[in-house]
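Residue-level listing of the chains:
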Amino acid sequence: MTGTVIITGANASLAIPAIDHLLNKYPEYELILTVRDTSESDVNTNRLREVISKYPKATTSIRQLDLADLSSVHELAKSIAQEIKDGKHPPIKAIICAAYRWNFVRDPQSTVDGLDETLQISHVSHVALILRLIGSFGPEGGRILVFSSDTHAPGGSSGERYPPGIPEDLNLLAKPLVYDDKFGRGFQVYANVKLTITCWMYALNRYLQKDPNLSKITAIAMNPGNIVDSRALQVNTPWWYPVMQTFFLRPFFPLLRFADPTLRTAVPAGIDVAELALNPAYATERGYFTLLKKDESSPESQNEDKQQAVWDKSLEWARITKNDTALKAAFE
């Protein structure tokens, strides 16, 4: 069996070990790896190249993708779809949406598309990518893997100051209000986005199952665990986050796992991501996973009215129309 695996945020802490595992255990698959900066001056993209260089027989490509610019997403998706149609790549087997963003130190920031950065980079641009490429999967189906976290549920994370929730006015997700508490409200924005992703995943699965040509494509929202060595803890975070990582999370990691079994490093998390994407044992699974186990997401995320509201609004934010996707059932 062969196929194409597309990964966003491919130079991220979680993605690099996932890619290493994919190239090692699933060498028959072609990887299209997207990053914001493909230049040789980017140290993280160079780390990605180092991993790829260990597998000289692998078929991989690194493509530039700015998730903060929807035009970039639509253009790349159209390009990949055409390349698959022309036989330059095998049909898609998995899309892994590893890219995300958070902002715990400043007022909410908007993209060129006028949407909150956390929402667009973590969710909206992935919606556009997935729905434009859904028709490029093979007849045997495949996996769509998006990322949730324990933050999506009220009380799910120790960093929570304000509980997550889908607001009545969904525009507040795209344009969050400005508050003095940058960390607390920034954390809530991030948690709300993870909740949004989880809601959207359920709606996506419903629509996929309605289409006989796409029903073998399955979507999972995965909580990959809390990654103690993630570079994200040092970006757009208050000064004490890197201090906590260096002097508390890493040295006391073995002990802390007794309190939080999902606490772990990027390597085992990345391996789980790769397995959930391609291992045949999970091929028919759908829904919410914590690590490699099927789990219950928050009650709010399972509310079908909220799932549908998130779905409809995400189409609007992502600028997806019936003509842009093979998933026609979503517009009937």
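First, a word on scope: everything that follows refers to the structure included in this document.

Things to note about the packing of helix α1 (residues 15-25) against helix α2 (residues 43-53)
With their axes 10 Å apart at the nearest point, α1 and α2 run at an angle of 15° to one another. Our classification of the angle between α1 and α2 gives roughly parallel. Seen along the crossing, α1 lies across α2 with a hand that is right-handed. When α1 is examined against α2, the residues I16, I19, D20 and L23 are found in contact with a partner set consisting of N44, R47, L48, V51 and I52. For the contact of α1 with α2, a count of residues per class yields six nonpolar, one polar and two charged.

Considering the nonpolar core
Counting 58 residues, the largest nonpolar core has I95, L131, I134, I144, L204, W311 and L327 as its most contacted members. At the level of elements, α3 (70-85), β4 (92-97), α4 (117-133), β5 (142-147), α5 (171-174), α6 (182-210), β6 (217-223) and α10 (304-318) are the ones that each hand at least two residues to this core. In terms of residue count, α6 provides more of this core than any other element does, eleven residues in total. In contact with I95, other than residues within four places in its own chain, are I6, L129, I130, L133, F137, R143, I144 and L145. Counting 34 residues, the second largest nonpolar core, distinct from the first, contains I7, A18, L31 and A266.

Brief notes about a nonpolar patch on the surface
A cluster of nonpolar side chains, contributed by W239, W240, V243 and F247, occupies part of the molecular surface with about 490 Å² of accessible area. Tracing the backbone through its elements, the reader meets W239 in the loop between β7 (226-227) and α7 (240-249). You can call W239 exposed: its relative accessible area is 67%.

Description of the layout of surface pockets
Approximately 360 Å³ is the volume found for the second largest pocket. What lines the second largest pocket is a set of 24 residues, and nearest its centre among them are P176, L177, R185, Q188 and V189. Elements supplying a minimum of two residues to the lining of the second largest pocket: α4, α5 and α6. Residue contributions to the lining of the second largest pocket peak at seven residues, all from α6. For the lining of the second largest pocket, the class distribution of residues is ten nonpolar, seven polar and seven charged.

Topic: the packing of α6 against α10
Close contact between α6 and α10 brings their axes to 8 Å; oriented N to C, the two are set at 90°. With respect to α10, the axis of α6 lies roughly perpendicular. Seen from α6, the contacting residues are T196, C199, W200, Y202, A203, L204, R206 and Y207; seen from α10, they are E304, Q307, Q308, V310, W311 and S314. Each residue belonging to the contact of α6 with α10 can be placed in one class, and the counts come to eight nonpolar, four polar and two charged.

Description of the side chain of N205
By the element assignment, N205 lies in helix α6. At a separation of 2.9 Å, a polar atom in the side chain of N205 contacts the main-chain carbonyl oxygen of A219. Not counting the four nearest positions on each side in its chain, N205 is found in contact with T218, A219, R286 and G287.

About the criteria used
Residues numbered from 1 in each chain as written. Predicted model: local features only at pLDDT ≥ 70, side-chain atom pairs only at ≥ 80, totals over all residues. Heavy atoms only, no water. Axes fitted to C-alpha atoms, helices over the stretch in contact; angles between N-to-C directions. Helix = DSSP H or I, 4+ residues; strand = E, 2+ residues; numbered from the N terminus. Parallel < 35°, antiparallel > 145°, perpendicular 65-115°, else oblique. Left-handed = near helix turned anticlockwise from the far one by under 90°. Contact = heavy atoms within 4.5 Å. Nonpolar A, V, L, I, M, F, W, Y, C, P; charged D, E, K, R; others polar. Core = buried A, V, L, I, M, F, W, Y, C linked by side-chain atoms within 4.5 Å. Buried < 20%, exposed > 50% of the residue type's maximum accessible area, 1.4 Å probe, protein only. Patch = residues over 30% accessible without salt bridge, like charges linked within 9 Å, V, L, I, M, F, W, Y side chains within 5 Å. Areas by Shrake-Rupley, 256 points an atom, 1.4 Å probe, with all protein chains shown as cover. Salt bridge = Lys/Arg side-chain N within 4 Å of Asp/Glu carboxyl O. 1 Å grid on protein atoms, 1.4 Å probe; cavity = no way out; pocket = protein on both sides within 12 Å on 5 of 7 lines; lining within 4 Å. Points joined across faces, edges and corners; volume = space filled by probe spheres on them. Polar contact = N/O pair within 3.5 Å; in protein donor to acceptor, adjacent residues only side chain to side chain.

This is a description of form; function is not addressed.
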